[in-house]
Amino acid sequence: GAGVSQSPRYKVAKRGQDVALRCDPISGHVSLFWYQQALGQGPEFLTYFQNEAQLDKSGLPSDRFFAERPEGSVSTLKIQRTQQEDSAVYLCASSLASPHSGNTIYFGEGSWLTVV
Amino acid sequence: SQELEQSPQSLIVQEGKNLTINCTSSKTLYGLYWYKQKYGEGLIFLMMLQKGGEEKSHEKITAKLDEKKQQSSLHITASQPSHAGIYLCGAGGSNYKLTFGKGTLLTVNP
C-alpha cells in the first residue's frame, strides 16, 4: 500500500490477555517507530528500529511490552498480560532514512486498544 | 528533556475565519513537524520546518518557524469544516525521537 498500514484497527482485550499489533511500513522505509497515545495527549515514543535493529526501546513502559522487526519490514508490538493502563492508541510510523536528515515521518492510522 | 506547549488547547471558529495555533519549545528546535489528527485516527503529515525563519504553505495552511527556532505557528486562512481536527506539533530534537505537544482541538462551525 501507499501508506503505513496497521492492524487490527480496534482491539478489546480482557485484562491479563496478550495482544499483538502489526505494522506494515511504507515499502523501502528504513526507520520504524512505535508511539503510544493516551486520550487527550500527544503521542509518546516507545521504540525505534533501523532496519531489523532495535536501536532504542527506552520508551517501552514495562517488560510486558516487546517489539520486533525480524526482516526489516513488518513490525509487531506485543503486550503481555495487558492492564487497564495499557488502553491507548498505538501508532506506528516510518521514514525513508534517519530523521536526522530531515526525512518526513509518516504515521499509520493506529491500533486502538481497550483493556477491560 | 524537550517539552512542547501548544496554545490554545481548543479553538472554535466560524467557517471563513482565519486562525493561528502556536507551538513553543523549551529548547532549540532542530526540526518541527505539524500533523493533523482526526479523533481516534492516525496523524496526517502537514509540514516540516528546519531552518530559522522558514515558512511553508500548503493550500490554505501556512507554518512558520521563528528565527530563534523555539516557536512555530500554524495559520489557517478562510477556515472550512474540513480543517476541523486536532493539530499536533512534534519536535525532532538532536536525535530521531519526536516529542509532541498535547494538541489543539479545532472546531469549525458552518
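Residues numbered from 1 in each chain as written. Chains lettered and ligands numbered in written order. Predicted model: local features only at pLDDT ≥ 70, side-chain atom pairs only at ≥ 80, totals over all residues. Heavy atoms only, no water.

Side note on the sheet that holds strand β8 (residues 75-79) of chain A
Residues and elements named next belong to chain A.
Here comes step 1: Taken together, the 4 strands give an open sheet; going across it, the order is β1-β3-β8-β7, and neighbouring strands pair in antiparallel fashion. At either margin of the open sheet sits one strand with a lone partner, and together these are β1 (5-7) and β7 (65-68). Sheet twist, expressed as the mean angle between neighbouring strand axes with direction ignored, is 15 degrees. (Pairing = 2+ DSSP bridges. Helix = DSSP H or I, 4+ residues; strand = E, 2+ residues; numbered from the N terminus. Axes fitted to C-alpha atoms, helices over the stretch in contact; angles between N-to-C directions.)

With respect to the environment of Glu68 of chain A
Here comes step 1: Position of Glu68 of chain A among the secondary structure elements: in strand β7.
Here comes step 2: Since its relative accessible area comes to 26%, Glu68 of chain A is described here as partly exposed. (Buried < 20%, exposed > 50% of the residue type's maximum accessible area, 1.4 Å probe, protein only.)

Quick word on the environment of Gly59 of chain A
Here comes step 1: Among the structural elements, Gly59 of chain A can be located in the loop between β6 (53-56) and β7.
Here comes step 2: Each C-alpha atom of the pair Gly59 of chain A and Pro25 of chain A lies 20 Å from the other, and the pair is 34 residues apart in sequence.

With respect to the interface of chain A and chain B
Here comes step 1: Between chain A and chain B, the contact holds 25 residues from the first and 20 residues from the second.
Here comes step 2: Counting every contact that joins chain A to chain B gives 1 salt bridge.
Here comes step 3: Notably, a salt bridge pairs Lys97 of chain B with Asp56 of chain A, separated by 3.2 Å at the nearest N-O pair.
Here comes step 4: There are 6 residue pairs in polar contact (both at pLDDT 80 or more) connecting chain A and chain B.
Here comes step 5: If one sorts the elements of the side of chain A that touches chain B by residue count, strand β4 (residues 31-37) of chain A sits on top with 3 residues.
Here comes step 6: Counted by class, the side of chain A that touches chain B contains 12 nonpolar, 10 polar and 3 charged residues. (Contact = heavy atoms within 4.5 Å. Salt bridge = Lys/Arg side-chain N within 4 Å of Asp/Glu carboxyl O. Polar contact = N/O pair within 3.5 Å; in protein donor to acceptor, adjacent residues only side chain to side chain. Nonpolar A, V, L, I, M, F, W, Y, C, P; charged D, E, K, R; others polar.)

Some points on the nonpolar core
Here comes step 1: Within the largest apolar cluster, 22 residues are counted, with the highest numbers of intra-cluster contacts made by Leu19, Leu32, Trp34, Leu74, Tyr87 and Leu106 of chain B.
Here comes step 2: Listed by contribution, the elements that provide at least two residues to this core are β2 (10-14), β3 (19-25), β4 (32-37), β5 (43-49), β7 (61-65), β8 (71-76), β9 (85-92) and β11 (104-109) of chain B.
Here comes step 3: Sequence-distant contacts of Leu32 of chain B, defined by excluding residues within four places in its chain, comprise Cys23, Met47, Met48, Leu49, Leu65, Ser72, Cys89, Gly90 and Ala91 of chain B.
Here comes step 4: In this structure, Val4, Trp34, Leu46 and Ala88 of chain A belong to the second largest nonpolar core, which totals 20 residues. (Core = buried A, V, L, I, M, F, W, Y, C linked by side-chain atoms within 4.5 Å.)

Overview of the state of the cysteines
All names here are of chain B.
Here comes step 1: Counted by the stated rule, this structure contains 2 disulfides over all chains.
Here comes step 2: Disulfide partner of Cys23: Cys89, at an S-S distance of 2.1 Å. On the sign convention where negative means left-handed, the S-S torsion of about 80 degrees between Cys23 and Cys89 marks this disulfide as right-handed. In this pair, Cys23 is assigned in strand β3 and Cys89 in strand β9, connecting sequence segments 66 residues apart. Per residue, the accessibility class of Cys23 equals that of Cys89, and both read buried. (Disulfide = S-S within 2.5 Å.)

Re the pairing of strand β1 (residues 4-7) of chain B
Residue and element names in this part refer to chain B.
Here comes step 1: Of the two faces of β1, the one holding Leu4 and Gln6 is buried and the one holding Glu5 and Ser7 is not buried anywhere.
Here comes step 2: Here 4 bridges tie β1 to β3, and the two strands are oriented antiparallel to one another. Bridged to Glu5 within β3 is Thr24.

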